[in-house]
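Each chain, written out:
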Amino acid sequence: MIELLQQGNVEAFREEFLSHHPYDQASFYEKADEGTRQLLYQYLSPKEMADIFEAIEVDDDEYEDIFKEMDTRYAADILAYMFTDDAVDVLNELNKDQVASYLTIMDKESSKQIKDLLHYEEYTAGSIMTTEYVAIPMNSTVRSAMNILRNAAPNAETIYYVFVVDEDRRLSGIVTLRDLIVADEDTLIESIMNDRVVSVQVSEDQEEVARMIKDYDFLALPVVDFQNHLLGIITVDDIIDVLDEEASDDYSKLAAVSDMDTFDRGPLTAAKKRLPWLILLTFLGMLTANLMGMFEATLDQVALLAVFIPLIAGMAGNSGTQALAVAVRGIATGDIEEESKMKLLFREAGTGLITGVVCGIVVIGLVYFWKSELLIGVLVGTAVASSIFVATLAGSFIPLLIHRMKIDPAVASGPFITTLNDIISILIYLGLATTFLSQL
């Protein structure tokens, strides 16, 4: 296709390029250099390019540069042809001057639909919903409903769910395409609709919306205001994007990275993202070093104790991170409700106790056979057991506490839990050693 582009064989290129799925077209676009993209803008219509942008997967901060490559009118037409929710996602990544310019050039209807969604807070149901849906009056017949559906279908994001509204556009029910096909043409919609409609408030967090669609196995979910007026719908393809975005965000926080690094970012950009966290963790690590300095006299008298510090700190960190992963995942998926939080804490406490005791016994045996020091083995084993128990409890309690404070629990990331558990484990270990120093 690149050869056809470079040869200027427009018809052959268009025939070959448009025969591919929009995802494959988007992949070609993403890998193309600026010169190739300029040729694409010449050979493809804004409507054809809109299909590509609905399937494209580029970093959010790249949209601004991409749209600067295009003629302003061409870019505005692309946005106008896109589904409203997808256009809003793109516009949210552009600077205000670009947004204002495109909305001014765009046709009034498209501009109004986009403006209506732009004012909703990001990461809410309103910010990811689309206004391209099919709604029919409650007092209509199946015949008239099919006519409405036939006319609205070309511009609707989905036609499998048809939403029923009253004269004030309040959501009253839902019928599926199957319901309309099998029903008699003279049947009233009111008599075949399902009036037990699951909907979501426009201000609801997108994670909760994703959870509802996953739980109910919906293809689309209606979005309403506080008076139950139908404002738009959220389709499952948008929720897949939300789940991917939230999973990446949580994973990056668990790794103490402010934004997930992508492989195509340069080393300087990646370093700027990671340095703030690493510097903060360095200061926290200094607490551990300072703590060990407080027990310098103990370590001077029994130097063998220092050998086991990495073992105890490492095991505490690992067990704390395991508990953290369970807690954060449970909160993110909604599996942990208010009444099950104590159940989780008791379960993790029991798990920490069992794993701590077993690991402690194993360590006692290993130290005894390695160094023939039973008392030091008991000391290290006791410290391991205590540290694992405390670390497991901390790993599950801290995210629950942070979630209670309305903060994303993923910020209780692995490195922070590990650093905290280092401090706790060393305090337990060297505290016990100092207490029983005379017997060592």
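Under an unreviewed UniProt entry, the name given to the protein is Magnesium transporter MgtE, and the source organism is Planococcus dechangensis. Taken verbatim from the UniProt record of the protein, the Subunit (unreviewed entry) comment is "Homodimer." Comment text from UniProt for the protein, heading Sequence similarities (unreviewed entry), reads "Belongs to the SLC41A transporter family."

Asks: I tried to follow helix 12 (residues 142–152) on my own but got confused; where do I start?
Replies: Residues spaced three or four apart along an α-helix point in a common direction, a consequence of the helix completing one turn every 3.6 residues. Among the residues making up helix 12, those that are buried are Val-142, Ala-145 and Leu-149. For helix 12, the angular spread of the buried residues around the axis is 60°, confining them to a single face. Across helix 12 from its buried face, at more than 90 degrees, point the exposed residues Arg-150 and Asn-151. Tucked into the core, helix 12 has its buried residues touching strand 1 (135–137), strand 2 (161–165), helix 13 (177–182) and helix 14 (189–192).

Asks: Could you clarify how one ought to interpret the nonpolar core in this entry?
Replies: Core analysis: the largest hydrophobic core is formed by 51 residues, its most contacted members being Tyr-29, Met-49, Phe-53, Phe-67 and Met-70. A total of five residues in this core trace back to one element, the largest contributor, which is helix 7 (residues 72–81). Discounting residues that sit within four places of it in the chain, Met-70 has contacts with Tyr-29, Tyr-41, Phe-53, Ala-75 and Ile-78. Of all hydrophobic cores here, the second largest spans 21 residues; its members include Leu-291, Leu-379, Ala-383 and Ile-426.

Asks: Would you take a moment to explain the sheet that holds strand 2 for this structure?
Replies: Pairing between the strands of a sheet is mediated by backbone hydrogen bonds and can be parallel or antiparallel. Taken in spatial order, the three strands line up as 1-2-3 in an open sheet, and their pairing is mixed. For this open sheet the edge positions go to strand 1 and strand 3 (171–176), each flanked by a neighbour on one side alone. Sheet twist, expressed as the mean angle between neighbouring strand axes with direction ignored, is 35°. In this sheet, strand 2 lies alongside strand 1 in parallel orientation, the contact comprising three bridges. Directly across from Pro-137, in strand 2, lies its bridge partner Val-165.

Asks: For this particular structure, what's the right way to read helix 3 (residues 22–31)?
Replies: By the burial criterion, the buried members of helix 3 are Gln-25, Ala-26, Ser-27, Phe-28 and Tyr-29. The inward-facing, buried residues of helix 3 contact helix 1 (2–7), helix 2 (10–17), helix 4 (34–43), helix 5 (46–55) and helix 6 (63–68).

Asks: Teacher, can you tell me more about the packing of helix 3 against helix 5 here?
Replies: Relative to each other, helix 3 and helix 5 sit at 85°, their axes nearing to 8 Å. Taken together, the axis directions place helix 3 and helix 5 in an arrangement best described as roughly perpendicular. Contact residues: Pro-22, Tyr-23, Gln-25, Ala-26 and Tyr-29 in helix 3; Met-49, Asp-51, Ile-52, Phe-53 and Ala-55 in helix 5. Across the contact of helix 3 with helix 5, the residue classes tally to eight nonpolar, one polar and one charged.

Asks: Help me understand a negative patch on the surface in this model?
Replies: A cluster of acidic side chains, namely Glu-30, Glu-57, Asp-60, Asp-89, Glu-121, Glu-122, Asp-237, Asp-241, Asp-244 and Glu-245, defines a negative patch on the protein surface. Within the fold, Glu-57 resides in the loop between helix 5 and helix 6.

Asks: What exactly am I supposed to notice about the packing of helix 20 (residues 341–371) against helix 21 (residues 374–404) here?
Replies: Packed helices, taken two at a time, are described by the angle between their axes plus the distance between the axes. Two numbers describe how helix 20 lies on helix 21: the axes approach to 7 Å, and their chain directions differ by 160°. The pairing of helix 20 with helix 21 is recorded here as roughly antiparallel in orientation. In terms of crossing hand, the pair formed by helix 20 and helix 21 is right-handed. Split by residue class, the contact of helix 20 with helix 21 holds 21 nonpolar, nine polar and two charged.

Asks: What exactly am I supposed to notice about unusual backbone geometry here?
Replies: The phi angle of most residues is negative, glycine excepted, and most peptide bonds adopt the trans form. A positive phi is found at Asp-217, a non-glycine position, where the angle reads about 60°. Inspection of the secondary structure puts Asp-217 in the loop between helix 15 (206–216) and strand 5 (220–224). Positive phi values are uncommon outside glycine, yet Asn-228 reaches one of about 70°. Note on placement: Asn-228 falls in the loop between strand 5 and strand 6 (230–235).

Asks: Would you take a moment to explain the UniProt feature "domain: CBS" (unreviewed entry) in the protein for this structure?
Replies: Here, the residues flagged by UniProt with the feature "domain: CBS" (unreviewed entry) are residues 129–191 and 193–251. Taken end to end, residues 129–191 is 32% helix and 22% strand, and its first and last C-alpha atoms sit 28 Å apart.

Asks: Teacher, can you tell me more about the packing of aromatic side chains here?
Replies: Two numbers describe a pair of aromatic rings. These are the distance of the centres and the angle of the planes. Applying the stated criterion to the full structure yields eleven aromatic pairs. Where Phe-308 meets Trp-370, the ring centres are 5.9 Å apart and the plane angle is 85°; that geometry is what we call edge-to-face. Within this pair, whereas Phe-308 is found in the loop between helix 18 (296–301) and helix 19 (309–333), its partner Trp-370 is found in helix 20, the two being separated by 62 residues in sequence. Looking at Trp-370, the relative accessible area reads 54%, which means it is exposed. Seen from their ring centres, Tyr-368 and Phe-369 are 5.7 Å apart, and the 70° between their planes marks the pair as edge-to-face. Residue classification places Tyr-368 among the partly exposed residues on the basis of a relative accessible area of 40%. Take Phe-369: its relative accessible area is 72%, and that puts it in the exposed class. One aromatic cluster is present, formed by Tyr-29, Tyr-41, Phe-53, Phe-67, Tyr-74 and Tyr-102 through successive ring pairs. Positioned above the aromatic ring of Tyr-29, the side-chain terminus of Arg-37 is 5.7 Å from the ring centre.

Calculation criteria
Residues numbered from 1 in each chain as written. Predicted model: local features only at pLDDT ≥ 70, side-chain atom pairs only at ≥ 80, totals over all residues. Heavy atoms only, no water. UniProt positions renumbered as here; feature names shortened; annotations may be inferred. Buried < 20%, exposed > 50% of the residue type's maximum accessible area, 1.4 Å probe, protein only. Helix = DSSP H or I, 4+ residues; strand = E, 2+ residues; numbered from the N terminus. Arc of directions from axis to C-beta. Contact = heavy atoms within 4.5 Å. Core = buried A, V, L, I, M, F, W, Y, C linked by side-chain atoms within 4.5 Å. Pairing = 2+ DSSP bridges. Axes fitted to C-alpha atoms, helices over the stretch in contact; angles between N-to-C directions. Parallel < 35°, antiparallel > 145°, perpendicular 65-115°, else oblique. Nonpolar A, V, L, I, M, F, W, Y, C, P; charged D, E, K, R; others polar. Patch = residues over 30% accessible without salt bridge, like charges linked within 9 Å, V, L, I, M, F, W, Y side chains within 5 Å. Areas by Shrake-Rupley, 256 points an atom, 1.4 Å probe, with all protein chains shown as cover. Salt bridge = Lys/Arg side-chain N within 4 Å of Asp/Glu carboxyl O. Lys, Arg positive; Asp, Glu negative; His and termini not counted. Charge placed at Lys NZ, Arg CZ, Asp CG, Glu CD. Left-handed = near helix turned anticlockwise from the far one by under 90°. Phe/Tyr/Trp six-rings, centres within 6.5 Å; stacked < 30°, edge-to-face > 60°. Lys NZ or Arg CZ within 6 Å of the ring centre and 35° of its normal.

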